[in-house]
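# Structure at a glance
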Amino acid sequence: MLSNLLIPAVLFFALGFFAKLIKSDLRFPPDLAKALSIYLLVAIGLHGGYELGKADLLTAMNSVMWALFLGFGMPLIGYAILVFSKKVDPMNAAAIAAHYGSVSAGTFLTAVAYLDSLQIEYDSYPVIMLAVMESPAIVVGLLLAAWSRRRLAQKQGAPQAEAGNGDEHDRNKLTHILREAFTNGSVVLLLGSMVIGAVAAPQSMAKIKPFIEDIFMGVLCLFLLEMGMEAARRIGEFRRVGAVLIVFGVAMPVLGGMIGTLIGHEMLGFGVGGTLLVAVLAASASYIAVPPAMRLAVPEASPSLYLTLSLGVTFPFNVVFGIPLYHMMVVMMVGA
Amino acid sequence: MLSNLLIPAVLFFALGFFAKLIKSDLRFPPDLAKALSIYLLVAIGLHGGYELGKADLLTAMNSVMWALFLGFGMPLIGYAILVFSKKVDPMNAAAIAAHYGSVSAGTFLTAVAYLDSLQIEYDSYPVIMLAVMESPAIVVGLLLAAWSRRRLAQKQGAPQAEAGNGDEHDRNKLTHILREAFTNGSVVLLLGSMVIGAVAAPQSMAKIKPFIEDIFMGVLCLFLLEMGMEAARRIGEFRRVGAVLIVFGVAMPVLGGMIGTLIGHEMLGFGVGGTLLVAVLAASASYIAVPPAMRLAVPEASPSLYLTLSLGVTFPFNVVFGIPLYHMMVVMMVGA
Amino acid sequence: MLSNLLIPAVLFFALGFFAKLIKSDLRFPPDLAKALSIYLLVAIGLHGGYELGKADLLTAMNSVMWALFLGFGMPLIGYAILVFSKKVDPMNAAAIAAHYGSVSAGTFLTAVAYLDSLQIEYDSYPVIMLAVMESPAIVVGLLLAAWSRRRLAQKQGAPQAEAGNGDEHDRNKLTHILREAFTNGSVVLLLGSMVIGAVAAPQSMAKIKPFIEDIFMGVLCLFLLEMGMEAARRIGEFRRVGAVLIVFGVAMPVLGGMIGTLIGHEMLGFGVGGTLLVAVLAASASYIAVPPAMRLAVPEASPSLYLTLSLGVTFPFNVVFGIPLYHMMVVMMVGA
Amino acid sequence: MHRLYPEKLITVITSDVLEGRLVQVVKQRGASGYTIFRAQGAGSSGEQSGMLDIDTNIVFHVVVPLAKVSAMLDALEDLARKGHHLRVLVSDVNVLWPEKFE
Amino acid sequence: MHRLYPEKLITVITSDVLEGRLVQVVKQRGASGYTIFRAQGAGSSGEQSGMLDIDTNIVFHVVVPLAKVSAMLDALEDLARKGHHLRVLVSDVNVLWPEKFE
Amino acid sequence: MHRLYPEKLITVITSDVLEGRLVQVVKQRGASGYTIFRAQGAGSSGEQSGMLDIDTNIVFHVVVPLAKVSAMLDALEDLARKGHHLRVLVSDVNVLWPEKFE
Ligand SMILES: Nc1ncnc2c1ncn2[C@@H]1O[C@H](COP(=O)(O)O)[C@@H](O)[C@H]1O
Ligand SMILES: Nc1ncnc2c1ncn2[C@@H]1O[C@H](COP(=O)(O)O)[C@@H](O)[C@H]1O
Ligand SMILES: Nc1ncnc2c1ncn2[C@@H]1O[C@H](COP(=O)(O)O)[C@@H](O)[C@H]1O
Ligand code: NA
Ligand code: NA
Ligand code: NA
């Protein structure tokens, strides 16, 4: 854990958090924040695609399959827990759960920096998994919400106005849901960059390398500085969210980390580095792609609930405590 | 053409275009888009100026002369065609034609990336020509507009209120036009950076190199991603513009490419690479410097006409089909 | 001086200035300007912290001490001169003086580029001094203002409403002043990055190097381009400010340069490079951290006075004439 | 000032994410256009810092002739009924060249 | 338009630097929220280009019920009395769902 | 609210490119200042995405005493007569400290 705290990216996150805590008037221009996250998505995508181009096809397919499994499975687990806890209604449960099926690129990249700083090698497949995991979580979140909405309507006796047209209406809805999940801006950017990285001629990729590699870590630091401020801003909302949900925001990633460790080691046969990255994929919650999708398609859910959990609880937990914790778990399992 | 489609810059253009086609909510922060184009202008300018500092003076002068020739000549050809076609009134013809005398830095840079990916060498003089070609096109556009405006006024019998003061008034107008053409923001940025690149001490230029070279291709990719979205946004306007003008938007660059090929090879004696770049200079239409100048000084013309042609037709055509086409033309002529 | 004018950073400053003079419509997106200054602060901080980690502790402590001396001392000198000149009231004098205790990172970095271009070596301690000098100037500015405010109130006979609570009130005020001085956004960013640079693991710092070093000079050029435009914008205000104050805006940095030269050479024993940088620290006036602090805490002072002096007079003077002048002074004293 | 004609300015404050929906509403109800500002803010759902897409507010302006106000408000109420957070203001404006805002 | 309720929109144009103070005022006087725009401009203290923090204007919007206007204006006058440059406008707006702006 | 004085807010929506001309108009007609917002939008000339200079809208606000409204509108009509696309709105505002807006 100590070594984690000597990584500049983590330290910048802490600096941003600290700046807001002491009520500093430090401010980021909004367009810079958005530019940084566009850069990171493009860089990850190109990098992942390039690796994919050189990858062993079978392992890659296998990784993608398990990524889909995590993307679809984690929200179901989260939804079950949340509904069972009875602390939120089904619509909020669906929206919150969806975030945990997706991933946080910031957390993933911090884990990469962590591995780099310990000079631990890692497989390149998790980057591919990262790119694949955004959409399924959105799809399953929207499906869970649609299902909850219908159940609520049935309970209330009166069929919802829009729910009246029966089967054909449902099919339309599904196409609509799939479309939203795959036309989401960050999904398009990430997958698109990945395709470009995979098909582009190697000698022209070489010309882009300095842009996506040399300055990458520095951009990540600025991004995490900003995210630290964002996370600290959410602290005021903790009271509104309540203790039970905050516990969920910590327990869910730990559970995810365990599942990810199992999959990374047992199913995919990765080493310590690769397994840790899979654990982080399973443990982290989205704050870029999923929230806008939920806001648009599940308006009944409260953004301040899912954002506080994802950005204010799970993200800081993962960056500061989670990564070294999953590392310990991985080492215990892999036995290295 | 296939090899063109494996260049990341072109692929990112396609990605942006595609994102808008599928109605993705992918969005660029406005200030990022503007920052990217400032970066590109500065980087091209510094690079061009640096080359100019080392260039053979006679060839440089010769290049500049032919650049001026293209900058003044292309709009005249365009204006003649447009007026002859009778599809637009003279004011619109003047404004549209001006765009084709200037150049699109994005197209030029894509051509450079294309040459790089085919490992074809190219002369450095076209960069100088690029920097020179913005202003003449603006000047000739404004002159054509002034001339059309006067002819219209004469036709209508009644002299325009402002046109009353005779000769002295005209001379004022001309100074004014020249001032607008040379104080245009992007002209100042490009020419200014070029001067700096030419006069700055070499050892201090070395310190800027990584900024203007290493990350250049990556920034270009982001810029073309954004331009792809812009181009796709214009498609809705195609109907308003009409088929004849769209044909103009494709034929004019092909004509320009032919003229540029002739000049590059016959007049300037460049190799395949250099000649292709001159062809692209002649073929491409401005969307950065000229449109604001026209909007300000030729308010009677419709921005949606000239922007749709330049950004929505000619630019995508050049990036995807034009460059490999001009390459073929150049190879046939040079015989390499 | 000639060699100074061949440094790209200085030339870009001149280009920005020139662009506004000729009324070019060149425009910078606001968020880009702010992003550039965030980048520069982070890069200086990380760099300084990294040097600090390797520094000789005794010299470092000594440098910090003299930095505090300058930070507290220069505003007192400035205040005395201004009050004595009787051209501004005490509140304005306090606010203006505070700017001269702090530093302009842009000027400092231009001096570094100047030394680089002459291939003169320099000590790393001045970077540490730079980071230390923001806060003291703010503190002393606020104290001077509080003191002037009280004196004004006493003169006017009627004690100010807020000044009534006596001692305890005063202690609150002081804590408040210290808090404002240390939670100032740029202070937090600079000191925070410095701490990160000092404590971060060396192998992870290596990953950030390209971001903070390779592209540094290019970013500085863009920043100075923008600052050139800002400086030129202030010229219209010269009349309002008056000749006496403009003389102050030139004399004060020269005085500072002399004091800094003495301290750098005599007290800290630096070579030509290091001494020049200390001279520039003493000579330059803040335009990032101090103005917002003054605007907030000394609302009675006129922003157009202190901004015109700092940004419109002292900054251009230092960048164009000051640096080579201080260089001459240093060479005369050090005798190299 | 005989050349000015009374119309209504409808202002909607909501999340960036809803931009597409609002544009649809405007187009369907036949307004001549719209103007969008990005903004920060705070309200019942906490601070919107403008840093992430999800955290950005838009302020949406549509100028419409009096006759179209009611239909526009109906459409906005529909959106709100689905659960979206909107704040809607209507104010009086006078326009030069009213034909532009038809 | 029976569904619209009259309230007041208070607009404050001032420097970016005062954002925190204005937020405090709004919170203390119990407004339901606020919206902030960054803007350029010019006035008696020269051009504000928006490039530096010190050079950026904010336009601050608060919608309040009539009953709260006076207290809000008092607080703003207090700020101005300390020397801060503020420009304050008040205008009529009609809100849909007035409970949101209480 | 005896301390508020009625003035007029003139709003011009147009292209970024015209910023300089509008500033000139304002200065010549003696307004005390102006405020500029960048905005996206759509209208008869299509979508203005804000990405390129040519694609960016500005919303220009000038508060003027009633006496100056007419001259300002004349100047704007002049600009429009030359072919520039402007949309102009006038609305009522009440200002605190009217001397600031003289
Ligand atoms: N009805 C409207 N309400 C608000 N803004 C509008 C309206 N119509 C047009 N605009 C704005 O005015 C700009 C120019 O309109 P136009 O000249 O019709 O293209 C558009 O880009 C919008 O920002
Ligand atoms: N009283 C108010 N005045 C002006 N803007 C407000 C007010 N209340 C809320 N807003 C804006 O409306 C947005 C959404 O409000 P809410 O749905 O309450 O979170 C906020 O982020 C503010 O930008
Ligand atoms: N007449 C006006 N109309 C609109 N905005 C104004 C006006 N006068 C000043 N402003 C705005 O208020 C800010 C501060 O004005 P001032 O305190 O006079 O410098 C300016 O930068 C403008 O953004
Ligand atoms: Na996950
Ligand atoms: Na051309
Ligand atoms: Na100083």
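See the structure printed just above.
Residues numbered from 1 in each chain as written. Chains lettered and ligands numbered in written order. Predicted model: local features only at pLDDT ≥ 70, side-chain atom pairs only at ≥ 80, totals over all residues. Heavy atoms only, no water.

This part is about the overall build of chain A. A count of helices and strands for chain A gives 16 helices and zero strands. What you see for chain A is a C-alpha radius of gyration of 20 Å, in line with the 20 Å of a compact globule of 336 residues. For chain A, the C-alpha atoms occupy an extent of roughly 60 × 50 × 45 Å along the three principal directions. Residues counted as buried form 62% of the 336 residues belonging to chain A. (Helix = DSSP H or I, 4+ residues; strand = E, 2+ residues; numbered from the N terminus. Rg over C-alpha atoms; globule rule 2.2 N^0.38 Å. Buried < 20%, exposed > 50% of the residue type's maximum accessible area, 1.4 Å probe, protein only.)

Residues and elements named next belong to chain A. At their nearest, the axes of helix α2 (residues 30-54) and helix α6 (residues 125-132) sit 9 Å apart, and the two run at 125 degrees to each other. The angle between α2 and α6 places the two elements in the oblique class. The two elements α2 and α6 meet at a crossing, and its hand is left-handed. Residues Ile44, Gly48 and Leu52 of α2 lie in contact with α6, whose contacting residues are Val127, Ile128 and Leu130. Looking at the contact of α2 with α6 residue by residue, the class counts come to five nonpolar, one polar and no charged. (Axes fitted to C-alpha atoms, helices over the stretch in contact; angles between N-to-C directions. Parallel < 35°, antiparallel > 145°, perpendicular 65-115°, else oblique. Left-handed = near helix turned anticlockwise from the far one by under 90°. Contact = heavy atoms within 4.5 Å. Nonpolar A, V, L, I, M, F, W, Y, C, P; charged D, E, K, R; others polar.)

Let us now look at the pairing of strand β5 (residues 87-95) of chain E. Among the nine residues that make up β5(E), seven are buried, leaving the element largely enclosed by the rest of the structure. Relative to β5(E), strand β5 (residues 87-95) of chain D runs antiparallel, the two sharing two bridges. By the bridge assignment for β5(E), Val90(D) is matched with Asn94(E). Here nine bridges tie strand β1 (residues 5-15) of chain E to β5(E), and the two strands are oriented antiparallel to one another. (Pairing = 2+ DSSP bridges.)

As a further point, take the interface of chain C and chain A. Tallying the contact residues gives 26 residues for chain C and 29 residues for chain A. Note on chain C versus chain A: buried area summed over both sides is about 2300 Å², and carbon and sulfur give 77% of it. There are one salt bridge connecting chain C and chain A. Across the pair Asp116(A) and Lys207(C) runs a salt bridge whose closest N-O atoms are separated by 3.1 Å. Put simply, chain C and chain A have seven residue pairs in polar contact (both at pLDDT 80 or more) between them. Along the lines of polarity and charge, the residues of the side of chain C that touches chain A split into 15 nonpolar, seven polar and four charged. (Buried area = accessible area lost by both parts, 1.4 Å probe. Salt bridge = Lys/Arg side-chain N within 4 Å of Asp/Glu carboxyl O. Polar contact = N/O pair within 3.5 Å; in protein donor to acceptor, adjacent residues only side chain to side chain.)

Let us look at the site of ligand 2. Close contacts around ligand 2 come from 18 residues, with Ser44(D), Ser45(D), Asn57(D), Thr35(E) and Val63(E) the closest. The residues that come close to ligand 2 belong to more than one chain, namely chains D and E. Contact between ligand 2 and Asn57(D): an oxygen atom at 2.7 Å from a side-chain N or O atom of the residue. At a separation of 3.3 Å, a nitrogen atom of ligand 2 approaches a polar backbone atom of Gly33(E). Alone, ligand 2 offers 480 Å² of accessible surface; in the complex the protein occludes 97% of this. Every element with two or more residues in the shell around ligand 2 is listed here: β2 (34-43) of chain D together with β2 (34-43) and β4 (57-64) of chain E. Taken together, the residues that form the shell around ligand 2 break down as six nonpolar, eleven polar and one charged. (Near = heavy atom within 4 Å. Areas by Shrake-Rupley, 256 points an atom, 1.4 Å probe, with all protein chains shown as cover.)

With that out of the way, let us pick up the relation of the copies chain C and chain A. Expressed as a screw transformation, the operator carrying chain C onto chain A has a rotation angle of 120 degrees and an axial translation of 0.0 Å, and the superposed copies differ by an RMSD of 0.0 Å. Taken together, the rotation and translation describe the operation of a three-fold axis. In terms of proximity to the rotation axis, the leading residue of chain C is Asp31(C), whose C-alpha is 3.6 Å off the axis. When the interface residues of chain C are mapped onto chain A, a mere 8% of them again fall at the interface, so the copies present different faces. (Least-squares fit on C-alpha atoms with pLDDT ≥ 70 in both.)

Now for the coordination of the sodium ion (ligand 4). Residue and element names in this part refer to chain A. Protein ligation of the sodium ion (ligand 4) involves Tyr100 (O), Ser102 (O), Leu281 (O), Ala282 (O) and Ser284 (O), the donor distances falling in the range 2.4 to 2.9 Å. Counting gaps between the donor residues of the sodium ion (ligand 4) yields the pattern Y-x1-S-x178-L-A-x1-S. Pair noted here: Tyr100 is in helix α4 (residues 90-101) and Leu281 is in helix α14 (residues 272-283), with a separation of 181 residues, a long-range link. Comparing Tyr100 with Leu281, the two get one shared label, buried. (Donors = N, O, S within 2.8 Å, 3.2 Å for Na, K, Ca; no water.)

This part is about the interface of chain C and chain E. In this assembly, 25 residues from chain C lie in contact with 20 residues from chain E. Across the chain C/chain E interface, buried area totals approximately 1900 Å², and carbon plus sulfur atoms make up 58% of it. Interface area lost by chain C to chain E is led by Lys34(C), Arg295(C) and Leu296(C), which between them contribute 33%. Counting the contacts that link chain C with chain E gives two salt bridges.

A few words now on the coordination of the sodium ion (ligand 6). Within the protein, Tyr100(C) (O), Ser102(C) (O), Leu281(C) (O), Ala282(C) (O) and Ser284(C) (O) serve as the donor atoms for the sodium ion (ligand 6), at 2.4 to 3.0 Å. The class of Ser284(C) is buried, set by a relative accessible area of 1%.

It is worth spelling out the environment of Met65(B) at this point. Looking at where Met65(B) falls in the secondary structure, it is placed in helix α3 (residues 57-85). On the basis of relative accessibility, which here comes to 46%, the residue Met65(B) falls in the partly exposed class.

Another point: the packing of aromatic side chains. Enumeration over the complete set of coordinates arrives at 33 aromatic pairs over all chains. Consider the rings of Phe13(B) and Phe315(B), whose centres lie 5.2 Å apart with planes at 90 degrees: the pair is edge-to-face. Placement of Phe13(B) in helix α1 (residues 8-21) and of Phe315(B) in helix α16 (residues 303-334) is noted, with a sequence separation of 302 residues between them. Neither Phe13(B) nor Phe315(B) differs from the other in exposure class; each is buried. A centroid spacing of 6.3 Å and a plane angle of 40 degrees characterise the contact between Phe13(C) and Phe17(C), whose relative ring orientation is tilted. Taken as a pair, Phe13(C) and Phe17(C) lie in helix α1 (residues 8-21) at a separation of four residues, close to a single helical turn. Ring pairs connect the aromatic residues Phe13(A), Phe17(A), Tyr287(A) and Phe315(A), which therefore count as one cluster. Directly above the aromatic system of Trp147(A) lies the positively charged group of Arg151(A), at a separation of 5.1 Å from the ring centroid. (Phe/Tyr/Trp six-rings, centres within 6.5 Å; stacked < 30°, edge-to-face > 60°. Lys NZ or Arg CZ within 6 Å of the ring centre and 35° of its normal.)

A separate point is the nonpolar core. Formed by 466 residues in total, the largest nonpolar core has its most connected members in Ile10(D), Phe60(D), Phe60(E) and Phe60(F). Residue contacts for Phe60(D): discarding those within four places in its chain leaves Ile10(D), Thr11(D), Val12(D), Leu22(D), Val23(D), Val26(D), Tyr34(D), Thr35(D) and Ile36(D). Counting twelve residues, the second-largest nonpolar core is a separate cluster that includes Phe37(D), Ala39(E), Val59(E) and Ala39(F). (Core = buried A, V, L, I, M, F, W, Y, C linked by side-chain atoms within 4.5 Å.)

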